Amino acid sequence: PECAKQNCRFDPYDNAVAAIYLTYRGNLSEAANILIGLRRLMYDDSGRLELLRSAYTEKGLPQEWFIDTGNNAWVAMAFAHYAAASGSSCDAAAAHDILRAIVGESSCKGPLGGFTGRV
């Protein structure tokens, strides 16, 4: 592939948007493939969730170590849309896990509330 010759990056946001698009186009098997890849990056061997980094290499290693709240929110939405279309309770649980982590790790405590851009 093209990435064999250069330093390619794979962004969770881009993959989340693609999964949502494929879900709404009725291509659930392709959307599921994307979500499987994201799930592998999200959960460690013990099943503990780790919010996704900003970008990964083709081997699944973090290319950028930042954890962006927005990217993870889009991934949660991709899991939620797919779960609604497919009836998958596992994907619904993944969406809940991400949102719970975002609230726990990036909520602003000030009077306006909201979330930080990076964890």
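Procedures and definitions
- Residues numbered from 1 in each chain as written.
- Predicted model: local features only at pLDDT ≥ 70, side-chain atom pairs only at ≥ 80, totals over all residues.
- Heavy atoms only, no water.
- Helix = DSSP H or I, 4+ residues; strand = E, 2+ residues; numbered from the N terminus.
- Expected span 1.5 Å × (residues − 1).
- Buried < 20%, exposed > 50% of the residue type's maximum accessible area, 1.4 Å probe, protein only.
- Arc of directions from axis to C-beta.
- Core = buried A, V, L, I, M, F, W, Y, C linked by side-chain atoms within 4.5 Å.
- Axes fitted to C-alpha atoms, helices over the stretch in contact; angles between N-to-C directions.
- Parallel < 35°, antiparallel > 145°, perpendicular 65-115°, else oblique.
- Left-handed = near helix turned anticlockwise from the far one by under 90°.
- Contact = heavy atoms within 4.5 Å.
- Nonpolar A, V, L, I, M, F, W, Y, C, P; charged D, E, K, R; others polar.

**With respect to helix α2 (residues 28-42)**
Okay, step 1: With 15 residues, α2 extends 20 Å between its outermost C-alpha atoms, agreeing within 8% with the 21 Å of an ideal straight helix rising 1.5 Å per residue.
Okay, step 2: Looking at α2, one finds that the buried residues are A31, A32, I34, L35, L38 and M42. Buried positions in α2, seen along its axis, are confined to an arc of 160 degrees and lie on one side of it.

**Concerning the nonpolar core**
Okay, step 1: Counting 25 residues, the largest nonpolar core has L35, L38, M42, V75, F79 and I98 as its most contacted members.
Okay, step 2: Sorting the residues of this core by element identifies α1 (12-24), α2, α3 (69-86) and α4 (89-106) as the ones contributing at least two each.
Okay, step 3: It is α2 that contributes the most residues to this core, 6 residues altogether.

**Here's the deal with the packing of α1 against α3**
Okay, step 1: Running from amino to carboxyl end, α1 crosses α3 at an angle of 20 degrees, the nearest separation of the two axes being 8 Å. The angle between the axes of α1 and α3 places the two elements in the roughly parallel class. Of the two elements, α1 crosses α3, and the hand of that crossing is left-handed. Taken together, the residues of α3 that come into contact with α1 (itself represented by P12, Y13, A16, V17, A19, I20, T23 and Y24) are N71, W74, V75, M77, A78, H81, Y82 and A85.
Okay, step 2: Here the contact of α1 with α3 is built from residues that sort into 13 nonpolar, 3 polar and no charged.

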